[in-house]
Amino acid sequence: LLDRITNAFFSEAKLYTMDSYYVKTKDEIKKTLDELKEDVANGNLDPYNYGTDDDGNYVYDIYEDIETWEQEYETAPEKKTLTEAKPVAGNFFDCIAQMSDDSQYYYKISSDGSDTLSVKIKKAANKGGEKIPEDAMWCDYGYSEEEEKPTEESIGLSLDEAKKLVKEKVEKMGITDLQFSNWNYAVCKSFEGDNSSANFGNGYRIDYARTINGVPVTQIADGGALEDMDSTMETWSYESLCFYVDKDGIESMTYSNPYTIGNIKTENLNLLSFSEVMKIYEKMMLVTNADNMQYENSRVYNIDRIVLGYARIYEPSTDAHTGIMIPVWDFFGSMTSESEYNGETESNTSKDPNESFLTINAVDGSIIDRNLGY
């Protein structure tokens, strides 16, 4: 699997270990030291605009930073010696992929925590080597009300073209048991030192999911959470294949927890009627949100999408590696809450297209916690 993914994305790239690729040479460190010492000479003790703490002291200590770089200089190499890397399965592997057009990608593979396998690819530099800020991240449009909605024109690529790019890549990866399931507009953001955000581009999020007898597994958040911080249970996140695409192609890909499908446990289940499901929804939305009234004046849900699909559930206390697929109803939309803070009323609206506000077992009407997976 890893060989197929590597060949699909990096058949013509050079893969190097992160340590060898990002090591600083003496000349690079000297340049940084000269710049910092010039800042001190000019009285600029906060060149990165980190500001001050509550006591008026600079958050960034330029003298300590200079001392650190001087220590680094002593052991730094005169020039870089790049070490080639080969992707392997294990607890953690990461490397940098250097493309022929001088663009670069982070390539990370891990098996840790709630992930049996996680493969992440993210662009680190554009064509020509122009670096992308390390904290730049792609996210779904709609998290912030201040965002301007992307359009096909602002993206510079049609949805059909984006879906075609992803389909070709999935076929090269040899992933035949997942199909296109969902899409959303997306934005790439980087957060500045003053906590403001800068938009680095618009694109699409495209998800693939497993389909069983024509019925898809509903796209949802990661799952694999613990009931409390003291829990020692082994957890298991959901299967996921997600791409972010813009006019320059695939900017990011995450493939997590691929399933192996076993046998059918029960044939021809009878499902609850939709009217029965809605009665459960009306009752359990009040029950599951009752505790929030301790902290909020009000909470209003606006449900704009109700989905019947499969969900994987499991019992981590007995078997953290095997689960079953069951039909469920998921309720999606937005939530607005009002609360008091320092004598003032604050209103907050959240909308995550992959957050189900309530999940109802379509067979017996029981409630499933999507974050926990049971």
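Since we're looking at a predicted model, the values are computed, not measured.

Definitions and cut-offs
- Residues numbered from 1 in each chain as written.
- Predicted model: local features only at pLDDT ≥ 70, side-chain atom pairs only at ≥ 80, totals over all residues.
- Heavy atoms only, no water.
- Helix = DSSP H or I, 4+ residues; strand = E, 2+ residues; numbered from the N terminus.
- Expected span 1.5 Å × (residues − 1).
- Buried < 20%, exposed > 50% of the residue type's maximum accessible area, 1.4 Å probe, protein only.
- Core = buried A, V, L, I, M, F, W, Y, C linked by side-chain atoms within 4.5 Å.
- Phe/Tyr/Trp six-rings, centres within 6.5 Å; stacked < 30°, edge-to-face > 60°.

Caption draft 1: Focus on helix α7 (residues 274–288). If you check α7, its first and last C-alpha atoms are 20 Å apart, about what 15 residues at 1.5 Å a residue would give, namely 21 Å. Turning to α7, its buried residues are Val277, Tyr281 and Met285.

Caption draft 2: Examining the nonpolar core more closely. Core analysis: the biggest nonpolar cluster contains 36 residues, and Phe9, Leu241, Phe243 and Met253 have the highest contact counts within it. In terms of nonpolar packing, the next biggest core, distinct from the first, is built from 10 residues, Tyr281, Trp329, Met335 and Ile360 among them.

Caption draft 3: Representation of the packing of aromatic side chains. Scanning the entire structure with this criterion turns up 21 aromatic pairs. Ring geometry for Tyr50 versus Tyr60: centroids 5.9 Å apart, planes at 75°, classification edge-to-face. With Tyr50 in the loop between α3 (26–41) and α4 (62–75) and Tyr60 in the loop between α3 and α4, this pair connects stretches of sequence that are 10 residues apart. Since its relative accessible area comes to 11%, Tyr60 is described here as buried. Note on Tyr301 and Phe357: the rings are 4.8 Å apart at their centroids and 65° apart in plane angle, and the pair reads as edge-to-face. Highlighted residues: Tyr301 in strand β11 (residues 298–315) and Phe357 in the loop between β13 (344–350) and β14 (358–361), separated in sequence by 56 residues. Its relative accessible area of 22% is what places Tyr301 among the partly exposed residues. Chaining the aromatic ring pairs together yields one cluster made of Phe9, Phe10, Phe93, Tyr105 and Tyr107.

Caption draft 4: Just unusual backbone geometry, in detail. At Asn49, a position not held by glycine, the phi torsion is positive, near 55°. Structurally, Asn49 can be placed in the loop between α3 and α4. For Asn49, a relative accessible area of 58% gives the class exposed. Even without being glycine, Asn213 reaches a positive phi, approximately 50°. Structurally, Asn213 can be placed in the loop between β7 (197–212) and β8 (215–216).

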